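What follows is the residue order along each chain.
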Amino acid sequence: MNIQIFGTKKCSGTRKAERFFKERGIKYQFVDMKEKGMSKGEFNSVAQANGGCDAMINWEGKDKDTLALIKYIADEDKLEKIQENPSVIRTPIVRNGRQSTIGYQPEAWKGWS
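Not measured: the values here are computed from a predicted model.

A. Here's a closer look at unusual backbone geometry. Note that the residue after Thr91, namely Pro92, is joined by a cis bond; omega there is -5°. Checked against the element boundaries, Pro92 lands in the loop between α4 (75-84) and β3 (93-96).

See the structure below:
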């Protein structure tokens, strides 16, 4: 398994995801979304596996202006605006090769091997 956890240090879901893998002795790589974010390829891969770009957005987030802009701009411009503002992405995003989940989903992770 090659687990990557994308999230922030303050996110409780991210901390729970890290704990899930630690408790099972599974090594993972943590990527802090505030420091690094996701590459375009990583983002597209996760979006494709999880129902598209809109499924990755935390519509309940604090940055209402950016969320409103993302909601109404053209699809081809959304990715760029999201990558400029990684705080609008739902976390944690957990990747295992081509498989990925958005949010805390331990039942899905148990099925990975």
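B. Geometry of the sheet that holds strand β4 (residues 99-102). One open sheet accounts for four strands, arranged β2-β1-β3-β4; its pairing is mixed. Whereas interior strands pair on both sides, the edge strands pair on one side only; in this sheet they are β2 (28-32) and β4. When the angles between neighbouring strand axes are averaged without regard to direction, this sheet yields 15°. With four bridges connecting them, β3 and β4 associate as antiparallel partners. Among the inter-strand pairings, Arg95 is bridged to a residue of β4, identified as Ser100.

C. Layout of the environment of Gln105. Mapped onto the elements of the fold, Gln105 is located in the loop between β4 and α5 (106-110). Sequence-wise, Gln105 and Glu60 are 45 residues apart; in three dimensions their C-alpha atoms are separated by 19 Å.

D. Molecular detail of the pattern of salt bridges. Considering all chains together, one arrives at seven salt bridges under this definition. Glu23 is paired through a salt bridge with Arg24; the nearest N and O atoms lie 3.8 Å apart. Owing to a relative accessible area of 42%, Arg24 belongs among the partly exposed residues under this scheme. Taken together, the salt bridges that share partners define one network made up of Lys9, Asp32 and Glu35.

E. Examining the packing of aromatic side chains more closely. By the definition in use, this model includes four aromatic pairs. With a centroid separation of 5.0 Å and an interplanar angle of 85°, the aromatic rings of Phe20 and Phe21 are classed as edge-to-face. Here Phe20 falls in the buried class, since its relative accessible area comes to 4%. Look at Phe21 and you get buried, because its relative accessible area is 1%. Relative to Trp109, the ring of Phe21 has its centre 5.2 Å away and its plane inclined at 40°; by these criteria the two rings are tilted.

F. Inspection of the nonpolar core at higher detail. Grouped together as the largest cluster of nonpolar side chains are 17 residues, with contacts concentrated most on Met38, Phe43, Met56, Ile82, Ile89 and Ile93. The residues contacting Met56, other than those within four sequence positions of it, are Met38, Phe43, Val46, Ala47, Val88, Ile89, Arg90, Ile93 and Ile102. Counting residues in each nonpolar core, the second largest holds eight residues, with Ile3, Ala17, Phe20 and Val94 among its members.

G. Fine view of the packing of helix α3 (residues 64-72) against α4. Viewed as axis vectors pointing N to C, α3 and α4 meet at an angle of 160°, and their least axial separation amounts to 9 Å. Here α3 lies roughly antiparallel to α4, going by the angle between them. The element α3 and its partner α4 pack so that their crossing is left-handed. Facing α3, whose interface residues are Leu69, Ile70 and Lys71, α4 presents Lys78, Lys81 and Ile82. A per-class count over the contact of α3 with α4 returns three nonpolar, no polar and three charged.

Cut-offs applied
- Residues numbered from 1 in each chain as written.
- Predicted model: local features only at pLDDT ≥ 70, side-chain atom pairs only at ≥ 80, totals over all residues.
- Heavy atoms only, no water.
- Helix = DSSP H or I, 4+ residues; strand = E, 2+ residues; numbered from the N terminus.
- Pairing = 2+ DSSP bridges.
- Axes fitted to C-alpha atoms, helices over the stretch in contact; angles between N-to-C directions.
- Salt bridge = Lys/Arg side-chain N within 4 Å of Asp/Glu carboxyl O.
- Buried < 20%, exposed > 50% of the residue type's maximum accessible area, 1.4 Å probe, protein only.
- Phe/Tyr/Trp six-rings, centres within 6.5 Å; stacked < 30°, edge-to-face > 60°.
- Core = buried A, V, L, I, M, F, W, Y, C linked by side-chain atoms within 4.5 Å.
- Contact = heavy atoms within 4.5 Å.
- Parallel < 35°, antiparallel > 145°, perpendicular 65-115°, else oblique.
- Left-handed = near helix turned anticlockwise from the far one by under 90°.
- Nonpolar A, V, L, I, M, F, W, Y, C, P; charged D, E, K, R; others polar.

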